[in-house]
Number of protein chains: 2
Amino acid sequence: MAKKNKQFVEKVTAMEDDFAQWYTDVVKQADLVDYGPVRGSMIIRPEGYAIWENIRDILDAKIKETGHENMYFPLFIPESMLQKEKDHIEGFAPEVAWVTHGGDEALQERLVVRPTSEVLFAEHYAKIIHSYRDLPKLYNQWSNVVRWEKTTRPFLRSLEFLWQEGHTCHATEEDAAKETRQMLDVYASVFEDYMAIPVLKGKKTEKEKFAGASYTLTIESLMHDGKALQAGTSHHLGTGFAEAFDIRFSNEAGELQPVHQTSWGFTTRSIGAMIMVHGDNCGLVVPPKIAAKQVMIVPVAQHKEGVLDKAYQLKEQLGSIARVDIDASDKMPGWKFNEYEMKGVPIRLEIGPKDIEKGQAVLVRRDTGEKLFTPIDELETAIPELLEDIQRSLFEKAMKHREEKTSVATTMEEFKNSLEQNPGFIKAMWCGDQQCEDQIKEETTATSRCIPFEQEKVADTCVCCQKQAKELVYWAKAY
Amino acid sequence: MAKKNKQFVEKVTAMEDDFAQWYTDVVKQADLVDYGPVRGSMIIRPEGYAIWENIRDILDAKIKETGHENMYFPLFIPESMLQKEKDHIEGFAPEVAWVTHGGDEALQERLVVRPTSEVLFAEHYAKIIHSYRDLPKLYNQWSNVVRWEKTTRPFLRSLEFLWQEGHTCHATEEDAAKETRQMLDVYASVFEDYMAIPVLKGKKTEKEKFAGASYTLTIESLMHDGKALQAGTSHHLGTGFAEAFDIRFSNEAGELQPVHQTSWGFTTRSIGAMIMVHGDNCGLVVPPKIAAKQVMIVPVAQHKEGVLDKAYQLKEQLGSIARVDIDASDKMPGWKFNEYEMKGVPIRLEIGPKDIEKGQAVLVRRDTGEKLFTPIDELETAIPELLEDIQRSLFEKAMKHREEKTSVATTMEEFKNSLEQNPGFIKAMWCGDQQCEDQIKEETTATSRCIPFEQEKVADTCVCCQKQAKELVYWAKAY
Ligand SMILES: [Zn+2]
Ligand SMILES: [Zn+2]
């Protein structure tokens with residue numbers, strides 16, 4: 001038994017030894033993904049997909065509450081159409097997949113497998129928008145997209161991923177700006193309130209903005225290893241696509257005007273963030289609100305009379321207050337303990353003959369390992385409270401981690417030392433010049449993550465050139 | 001006002017004049033779809049997508065209730081992988097899209113954009129199934145698929161469509177057979193109990209079965225014009241893919257055995273069926289259970305004091321008992337009446353100054369046009385009852401239509417006469433020989449739709465060759 005457990009746990013590399021390997025091990029051992037037949041593609045297995053379904057349903061409800069409608073655009077984009085907006089095609093051309101044949105025929109024009117759908121939405125909007133009465137148009141799509149990435153990792157960067165992409169049209173620049181910010185806040189809420197991941201909100205620099213946008217807003221999160229991950233982006237597209245695709249409306253004065261657009265996306269990458277923020281050396285830790293199963297009942301000495309009956313009865317009884325499952329297979333309890341720790345189920349409920357005698361069950365928290373001997377007739381109040389407490393603790397722990405891993409640098413010397421000694425976010429002033437941004441990246445491999453909405457003045461001069469600083473920027477090495 | 005209405009209605013061709021054109025007109029005028037930039041591709045607009053979301057959620061719940069788990073496989077399949085099962089590749093090769101380049105690079109092996117995912121599931125199953133303890137495996141995927149069709153029509157046949165595809169593995173042939181039938185019944189329930197479309201259940205002939213299956217079960221529905229539409233299929237795959245992909249398990253005796261598989265799919269085609277079964281010359285008629293909006297409130301003389309207040313108050317009040325919306329735009333009531341008739345909203349609720357005076361509202365049924373003057377304080381009971389009645393009436397009407405359009409033929413003469421004079425299903429005996437099936441198709445363009453589970457003996461001899469008959473078959477011209 002002990003040996004078996006050990007063998008099982010040994011399959012996961014310790015995060016301290018090799019974080020990248022730990023990630024790969026967990027993703028596989030927790031049955032989240034398998035590799036697909038094409039290099040860099042992934043199969044999202046039921047354990048992983050159930051988490052995505054929960055996240056998707058939460059976000060979808062918020063997208064609808066804020067007045068958006070879902071629709072669906074085709075997968076293929078004619079090459080000529082992608083080329084209408086110049087910055088956009090330059091940004092995406094190196095990483096798209098090309099369809100050249102349909103059945104036995106060579107196509108007259110190559111088709112791109114959508115890497116994103118701005119141009120499809122733009123062409124449609126040009127057809128259906130005529131008057132200010134048609135605005136705003138608030139559309140969203142859930143779909144798969146393809147990016148021909150050279151180096152790939154499950155969830156973080158793969159040939160194909162799942163996402164939602166919102167695309168909206170507005171009568172004024174200000175309305176589009178409000179929308180851009182609103183959807184960033186929606187994303188932040190999903191991350192913080194459901195996935196228990198604190199995020200920084202801010203604006204991307206010109207260098208890091210989306211190809212074709214006026215500006216890009218972003219939420220940035222910090223992983224356990226001190227690297228940052230861009231958790232979601234919301235773009236103010238200005239009138240670039242409107243001009244290129246002729247999306248115009250007559251305003252109340254009867255003048256023809258281009259619409260102001262936004263687009264915003266949230267992807268399966270978020271699952272990668274969840275793994276790298278909350279996971280530990282025993283495997284996944286899934287926040288209760290997005291966990292497929294919140295409580296796993298493991299009967300102990302289940303061959304003894306009454307144990308299985310009681311376990312199933314508890315499953316029945318608790319089913320209305322939480323997502324509860326039972327493992328009544330003939331595997332050993334120790335194997336099961338490890339298995340559901342690996343899968344990150346928030347609470348394990350153990351019930352054996354002695355527990356039944358005492359009228360109790362043992363609740364074990366996945367996040368802390370703490371055991372709570374709980375009277376059976378208190379479970380219905382204890383479990384929801386415990387789930388809430390786990391949810392809150394995970395967020396607080398992640399926030400504390402981020403705070404500990406955030407340094408201030410006023411010189412490049414300090415910048416490099418911090419990155420070395422306490423890898424994480426570096427808060428440093430910037431002059432606004434892309435040369436400095438490039439130089440910082442070259443010298444440190446850290447990139448500008450965002451210009452935070454909550455500005456502070458940690459120095460008067462740019463961390464790089466020491467000329468007058470314009471704004472505070474968060475920097476980090478990133479996924 | 002009258003002129004405006006007329007112009008609007010004139011946009012839809014009468015079904016009696018040209019059913020195909022009527023269909024195309026309705027699909028466009030009801031804002032269900034727009035055409036995509038690539039020939040044969042479609043944009044599913046919010047009105048259409050909302051119906052799909054309702055159908056999808058109903059079916060997804062049933063798929064989960066029957067023990068299946070959702071997951072997600074990649075879009076691309078290497079050519080060599082598709083070729084492993086010979087019948088399967090022969091069936092699909094002529095109608096797939098080929099990816100030949102990723103970024104700037106020519107790929108070493110061409111990739112197929114999935115037309116269906118049997119081979120992807122098969123390869124994965126070979127990796128994860130080892131013992132009888134691993135069975136059954138009951139997986140499902142919601143995704144887009146691509147078929148390079150030559151002639152296309154929105155929903156019915158398009159370059160890309162949305163669907164779910166279930167793929168399961170079982171220890172025995174019988175378990176797979178039970179699953180195949182169970183999922184057909186699930187599909188039949190979605191059609192009959194939610195979409196109000198009666199279906200025939202049966203088995204496909206060898207000629208019409210899925211490429212690579214042992215046999216295919218099907219549900220067949222009859223459109224308004226007397227053509228049949230295959231509404232969903234469920235395949236018993238036998239051990240063909242298991243042999244080709246080496247999906248084996250050790251049974252309780254320790255012997256290595258191939259698994260028995262099924263696959264089953266339900267697509268956005270179902271929306272095409274809904275349109276062609278229930279629609280009329282005023283546009284769509286959407287069954288209440290799948291309607292995005294079940295009640296549309298249209299204020300009459302809304303500039304008069306108190307009308308809009310009352311209308312919004314009703315929306316608020318009725319929001320908990322039905323999916324209610326309001327159109328308080330400055331368009332004329334007559335325009336609105338036509339618009340929501342076109343969109344098939346089951347109930348229109350009119351409220352004007354005189355109604356308010358009388359303490360009533362006018363409920364107008366989309367299916368019959370009947371007006372019901374209903375006291376406002378009875379709306380909360382009247383509306384759910386009316387929705388139920390509309391749902392039931394639509395089913396009964398469709399069933400009556402199917403019965404009227406179903407003929408018996410014992411000779412080819414009768415067969416052709418029926419097809420001509422009363423196009424619909426033809427019940428005729430068949431000897432089981434594919435030559436007769438081919439000949440019937442050649443002479444009449446009707447195909448075998450299914451060998452119904454509910455067999456009758458309408459003659460002793462084959463309708464075509466007059467040799468001894470084996471079984472009853474339903475025949476029809478089909479979409
Ligand atoms: Zn500088
Ligand atoms: Zn015959």
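Small disclaimer: the values here were computed from a predicted structure and weren't measured. Numbering of residues starts from 1 in every chain and runs along the sequence as written. The order in which chains are written sets their letters, starting at A; the order in which ligands are written sets their numbers, starting at 1. Owing to the predicted nature of the model, reporting of local features is limited to residues with pLDDT of at least 70; listing and counting of side-chain atom pairs is limited to 80 or more, with chain, interface and lining totals taken over all residues. The basis for the side-chain values is all heavy atoms of the structure; hydrogens and waters are excluded.

Details of the sheet that holds strand 18 (residues 360-365) of chain A
Residues and elements named next belong to chain A.
Okay, so step 1: Taken in spatial order, the five strands of this open sheet run 16-15-17-18-19, and their pairing is mixed. Both edges of this open sheet fall to strand 16 (324-326) and strand 19 (371-375), since each of them pairs with a single strand only. Between one strand and the next, the sheet's axes are offset by a mean angle of 25°, whatever the strand orientation.
Okay, so step 2: When strand 17 (residues 347-351) meets strand 18, the two strands line up antiparallel, connected through four bridges. Across the sheet, residue L349 finds its bridge partner in strand 18, namely L363.
Okay, so step 3: Packed on one face of the sheet, helix 11 (residues 333-342) meets strand 15 (295-299) and strand 17 and runs near 170° to strand 15. DSSP-based pairing: two strands are paired if at least 2 bridges between them are found. Helix and strand assignments follow DSSP, with helices taken as H or I runs no shorter than four residues and strands as E runs no shorter than two, numbered in order from the N terminus. For every element, the axis is a line fit to its C-alpha atoms; helices are fit only across the contacting stretch, and the angle between N-to-C directions ranges from 0 to 180 degrees. Any pair of residues with heavy atoms lying within 4.5 Å of one another is described as a contacting pair.

Details of the packing of helix 3 (residues 46-65) of chain A against helix 9 (residues 269-278) of chain A
For any two helices packed against each other, one specifies the inter-axial angle together with the distance between the axes.
Residues and elements named next belong to chain A.
Okay, so step 1: The geometry of helix 3 relative to helix 9 is characterised by a closest axis approach of 10 Å and an angle of 110° between their N-to-C directions. In terms of orientation, helix 3 lies roughly perpendicular with respect to helix 9. Note on element contacts: helix 9 touches helix 3 through S270, I271 and M274, opposite G48, I51, W52 and I55.
Okay, so step 2: Three classes are used: nonpolar for Ala, Val, Leu, Ile, Met, Phe, Trp, Tyr, Cys and Pro, charged for Asp, Glu, Lys and Arg, and polar for all others, with Gly counted as polar. In terms of residue class, the contact of helix 3 with helix 9 is made up of five nonpolar, two polar and no charged. Any angle between 65 and 115 degrees counts as roughly perpendicular, while under 35 counts as roughly parallel, over 145 as roughly antiparallel, and the rest as oblique.

Considering the packing of helix 14 (residues 412-421) of chain B against helix 15 (residues 434-444) of chain B
All names here are of chain B.
Okay, so step 1: Look at helix 14 against helix 15: their axes get within 11 Å of each other, and the N-to-C directions meet at 45°. On the basis of their axis angle, the class for helix 14 and helix 15 is oblique. For helix 14 against helix 15, the interelement crossing comes out right-handed. Along its contact with helix 14, which presents M412, F415, K416 and L419, the element helix 15 presents I440, E443 and T444. The handedness criterion is simple: a crossing whose near helix is rotated anticlockwise from the far helix by less than a right angle is left-handed, and one whose near helix is rotated clockwise is right-handed.

Focus: the interface of chain A and chain B
Okay, so step 1: Counting residues at the interface gives 54 residues for chain A and 54 residues for chain B.
Okay, so step 2: By definition, the buried area sums, over both parts, the 1.4 Å-probe accessible area that each loses when the two are put together. Across the chain A to chain B interface the summed buried area is about 4500 Å²; carbon plus sulfur atoms make up 59%.
Okay, so step 3: For salt bridges, the criterion is a side-chain nitrogen of Lys or Arg within 4 Å of an Asp or Glu carboxyl oxygen. Remark: the boundary between chain A and chain B carries eight salt bridges.
Okay, so step 4: A salt bridge links E105 of chain B to K150 of chain A; the nearest nitrogen and oxygen atoms lie 3.8 Å apart.
Okay, so step 5: In the analysis that follows, any N or O atom pair within 3.5 Å is treated as a polar contact, provided that within protein one partner can donate a hydrogen and the other can accept it, and provided that, for residues neighboring in sequence, both atoms belong to side chains. At the boundary of chain A and chain B, one finds 26 residue pairs in polar contact (both at pLDDT 80 or more).
Okay, so step 6: Per element, the largest residue contribution to the side of chain A that touches chain B is six residues, and it comes from strand 5 (residues 97-102) of chain A.

Concerning the coordination of the zinc ion (ligand 1)
Residues and elements named next belong to chain A.
Okay, so step 1: At this site the zinc ion (ligand 1) is bound by C431 (SG), C436 (SG), C462 (SG) and C465 (SG), with donor distances of 2.2 to 2.4 Å.
Okay, so step 2: We call an atom a donor if it is N, O or S and sits within 2.8 Å of the metal, or 3.2 Å for Na, K and Ca. Water is not counted, so some sites may look partial. Every angle between 85 and 135 degrees makes a four-donor site tetrahedral, while opposite donors more than 155 degrees apart, with all other angles between 65 and 115, make a four-donor site square planar and a six-donor site octahedral; other sites are irregular. Relative to the metal, the four donor atoms surrounding the zinc ion (ligand 1) lie at angles of 104 to 116°, and the coordination shape comes out tetrahedral.
Okay, so step 3: Along the chain, the residues donating to the zinc ion (ligand 1) are arranged with the sequence spacing C-x4-C-x25-C-x2-C. In this pair, C431 is assigned in the loop between strand 21 (425-430) and helix 15 (434-444) and C465 in the loop between strand 22 (447-452) and strand 23 (471-476), connecting sequence segments 34 residues apart.

Observations regarding the pattern of salt bridges
Okay, so step 1: A complete count under the given rule lists 68 salt bridges over all chains for this structure.
Okay, so step 2: Note that E339 of chain B and K343 of chain B form a salt bridge whose closest N and O atoms lie 3.0 Å from each other.
Okay, so step 3: The buried category is assigned to E339 of chain B, whose relative accessible area is 8%.
Okay, so step 4: Each of D31, R45, E47, E339 and K343 of chain A takes part in a single network of salt bridges with overlapping partners. Each residue gets one of three labels from its accessible area relative to the maximum for its type: buried under 20%, exposed over 50%, partly exposed in between, using a 1.4 Å probe on protein chains only.

So, the domain arrangement of chain A
Residue and element names in this part refer to chain A.
Okay, so step 1: An automatic or database domain assignment provides the domain bounds reported here. By the assigned domains, chain A splits into domain 1 (17-278), domain 2 (293-389) and domain 3 (406-476).
Okay, so step 2: Here the C-alpha centre of domain 2 lies 40 Å away from the C-alpha centre of domain 1.
Okay, so step 3: Taken together, the five residues of domain 1 in the interface contact four residues of domain 2.
Okay, so step 4: The largest contributions to the domain 1 side of the interface with domain 2 come from Q29, A30 and E47, which together make up 66% of the buried area.
Okay, so step 5: Linking domain 1 with domain 2 are two salt bridges, by the criterion used here.
Okay, so step 6: Along the contact surface separating domain 1 from domain 2 lie two residue pairs in polar contact (both at pLDDT 80 or more).
Okay, so step 7: Split by residue class, the side of domain 1 that touches domain 2 holds one nonpolar, two polar and two charged.

Re the environment of F191 of chain A
Okay, so step 1: Inspection of the secondary structure assignment puts F191 of chain A in helix 7 (residues 173-194).
Okay, so step 2: For the pair formed by F191 of chain A and K304 of chain A, sequence separation is 113 residues and the distance between their alpha carbons is 44 Å.

Comments concerning the coordination of the zinc ion (ligand 2)
Residues and elements named next belong to chain B.
Okay, so step 1: Coordination of the zinc ion (ligand 2) by the protein is provided by C431 (SG), C436 (SG), C462 (SG) and C465 (SG), with metal-donor distances spanning 2.3 to 2.4 Å.
Okay, so step 2: Classification of the site at the zinc ion (ligand 2) rests on its four donor atoms, whose angles at the metal span 105 to 116°, yielding the label tetrahedral.
Okay, so step 3: Every donor residue of the zinc ion (ligand 2) comes from the same chain, spaced as C-x4-C-x25-C-x2-C.
Okay, so step 4: According to the relative accessible area criterion, C462 is buried, its value standing at 0%.

Thoughts on the packing of aromatic side chains
Okay, so step 1: Any pair of Phe, Tyr and Trp rings, taking the six-membered ring for Trp, is counted once the centres come within 6.5 Å. Such a pair is stacked with planes under 30 degrees apart, edge-to-face with planes over 60 apart, and tilted for the rest. On inspection of all chains with the given rule, the structure shows 28 aromatic pairs over all chains.
Okay, so step 2: For the ring pair F121 of chain A and Y125 of chain A, a centre distance of 6.2 Å and an interplane angle of 40° mean the geometry is tilted. Here Y125 of chain A and F121 of chain A lie together in helix 6 (residues 118-128), a separation of four residues that amounts to about one turn. Y125 of chain A shares its class with F121 of chain A; the two are buried.
Okay, so step 3: Here the aromatic rings of W430 of chain B and W475 of chain B are separated by 6.5 Å at their centres, their planes lie at 90°, and the arrangement is edge-to-face. Within this pair, whereas W430 of chain B is found in strand 21 (residues 425-430), its partner W475 of chain B is found in strand 23 (residues 471-476), the two being separated by 45 residues in sequence. Taken individually, W430 of chain B and W475 of chain B each receive the classification buried, so the pair is uniform in this respect.
Okay, so step 4: Distance and angle both matter: a charge sits over a ring if NZ of Lys or CZ of Arg is within 6 Å of the ring centre and within 35 degrees of the ring normal. Residue placement shows K227 of chain A over the ring face of Y479 of chain A; its charged tip is 4.9 Å from the ring centre.

Let's talk about empty space enclosed by the protein
Okay, so step 1: Whether a set of points on the 1 Å grid over the protein atoms alone is a cavity depends on a 1.4 Å probe fitting there but being unable to get out, while an open set qualifies as a pocket with protein on both sides within 12 Å along at least five of seven lines; lining residues are those with an atom within 4 Å of a point. Grid points are joined across faces, edges and corners, and a volume is the space filled by probe spheres set on the points. For the structure on display, the rule yields nine cavities of 30 Å³ or more.
Okay, so step 2: If you add up the space inside the largest cavity, you get close to 120 Å³.
Okay, so step 3: Considering only residue class, the lining of the largest cavity consists of ten nonpolar, one polar and three charged.
Okay, so step 4: The two domains that each donate at least three residues to the lining of the largest cavity are domain 1 (17-278) and domain 2 (293-389) of chain A.
Okay, so step 5: One number sums up the size of the second largest cavity: a volume of about 100 Å³.
Okay, so step 6: Residue lining of the second largest cavity: A30, L32, E47, I51, L284, V286, A291, A292, K293, K343, G344 and V345 of chain B, and that is the complete set.
Okay, so step 7: For the lining of the second largest cavity, the residue count by class is eight nonpolar, one polar and three charged.
Okay, so step 8: Counting the residues that make up the lining of the second largest cavity, at least three belong to each of domain 1 (17-278) and domain 2 (293-389) of chain B.

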